[in-house]
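This is what each chain is made of:
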Amino acid sequence: MSDSEATSGEGVGEAVGRTVRAMRSAHGWSLDQLAARSGVSKGVLVALEQGRGNPNLGTLIRISEALGVALTRLVQVEEEPLVQLFPPERHVVLWRGPAGGMGTLLGGSDPRPSIELWKWELSPGEQRGSEAHSSGTREIVYVEEGTLTLSVDGHRHTLATGTAGVFAGDRPHAYANDGELPCCYVLAVMDL
């Protein structure tokens, strides 16, 4: 490997190692699995994750493609903050129902696997349908107030106040308020 092919700069090796290790773990892959998917030897990956590696551009590209991320994501020197805050002014209403309900995205993470946190309000009679998300997506819902009718792949479930439910978000699903009082619930979506 020539000097022109090697990554340079203080902290880049550590940043690459930290990022690769975190993303591999997030995928649930062993070192052997990442090696097989990327075509990079396990020994190179071990050294890289320990911050001892000085990989060439081709190696970094193979690893980024295997992890499904942009090359720039691997070489970011800045560490992500331990806590990312989403104050109220960053919350975004992304759905408004015909009777005044709304779906508000409170915050989320990126890249994949990602998680989103939502606050939903459904007025009586309102329904919000959703197509199936990408394969492996899971959702968890918690009803704070009212009664929620959750339909997943054609099966209906009634969730009363205080009830939580976990389900496969990679199937068609819908949320409805079939009651006479408003329904408020919190929803987390994990997209693997």
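Relevant structure appears above.
In this text, all values refer to a predicted model and were calculated from it rather than measured experimentally. (Residues numbered from 1 in each chain as written. Predicted model: local features only at pLDDT ≥ 70, side-chain atom pairs only at ≥ 80, totals over all residues. Heavy atoms only, no water.)

Colleague: I'd like to hear about the overall build of the protein chain, residue by residue, with values.
Modeller: Within the protein chain one finds 5 helices and 10 strands. Taking 16 Å as the expected radius of gyration for a compact globule of 192 residues, we find that the protein chain reaches 22 Å, considerably beyond that expectation. With 192 residues in all, the protein chain has 36% of them scored as buried. Contacts in the protein chain between residues at least 24 apart in sequence constitute 61% of all its contacts with a sequence separation of at least 6. Here the protein chain displays about 10,800 Å² of accessible surface, and carbon together with sulfur accounts for 53% of that area. (Helix = DSSP H or I, 4+ residues; strand = E, 2+ residues; numbered from the N terminus. Rg over C-alpha atoms; globule rule 2.2 N^0.38 Å. Buried < 20%, exposed > 50% of the residue type's maximum accessible area, 1.4 Å probe, protein only. Contact = heavy atoms within 4.5 Å. Areas by Shrake-Rupley, 256 points an atom, 1.4 Å probe, with all protein chains shown as cover.)

Colleague: Talk me through the environment of V44; I want residue IDs and the actual numbers.
Modeller: Along the chain, V44 falls in helix 3 (residues 42-49). With 10 residues separating them in the primary sequence, V44 and N54 have C-alpha atoms 9.2 Å apart.

Colleague: So what's going on with helix 2 (residues 31-38)? Residues and values would help.
Modeller: When we look at burial in helix 2, the residues that qualify are L31, L34, A35 and S38. Angular distribution of buried residues about the axis of helix 2 spans 105°; they occupy a single face of the element. Seen from the open side of helix 2, the exposed residues pointing more than 90 degrees away from its buried face are A36 and R37. In this structure, the buried side of helix 2 is in contact with helix 1 (12-27), helix 3 and helix 4 (57-67). The positive-phi residue at the C-terminal boundary of helix 2 is G39, with phi of around 80°. (Arc of directions from axis to C-beta.)

Colleague: So what about the sheet that holds strand 9 (residues 173-176)? Which residues, and what values?
Modeller: As summarised here, the arrangement of the 4 strands in space is 4-9-6-7, forming an open sheet in which the pairing is antiparallel. The sheet terminates laterally at strand 4 (127-130) and strand 7 (155-159), the two strands that pair on one side only. Put simply, the sheet's adjacent strands are angled 15° from each other on average, direction ignored. Two strands pair when backbone bridges link them, and strand 4 and strand 9 are joined in this way by 4 bridges, in the antiparallel orientation. Within strand 9, the residue paired with S130 across the bridge is H173. (Pairing = 2+ DSSP bridges. Axes fitted to C-alpha atoms, helices over the stretch in contact; angles between N-to-C directions.)

Colleague: Run through the nonpolar core, naming residues and quoting values.
Modeller: Counting 17 residues, the largest nonpolar core has V16, V20, L34, L45, I63, L67 and L74 as its most contacted members. For this core, the secondary structure elements donating two or more residues are helix 1, helix 2, helix 3 and helix 4. Sequence-distant contacts of L74, that is, excluding residues within four places in its chain, are made with A15, V16, T19, V20, L60, I63, S64, L67 and V69. W95, L122, V143 and L150 belong to the second largest nonpolar core, which has 16 residues in total. (Core = buried A, V, L, I, M, F, W, Y, C linked by side-chain atoms within 4.5 Å.)

Colleague: I'd love a proper account of the sheet that holds strand 5 (residues 138-145), names of residues and values included.
Modeller: Sheet architecture is open: 6 strands sit in the order 1-2-3-10-5-8, paired in antiparallel fashion. Both edges of this open sheet fall to strand 1 (92-96) and strand 8 (164-168), since each of them pairs with a single strand only. Between one strand axis and the next, the sheet turns by 25° as a mean value, whatever way the strands run. Looking at chain direction, strand 5 and strand 8 are connected through 5 bridges and run antiparallel.

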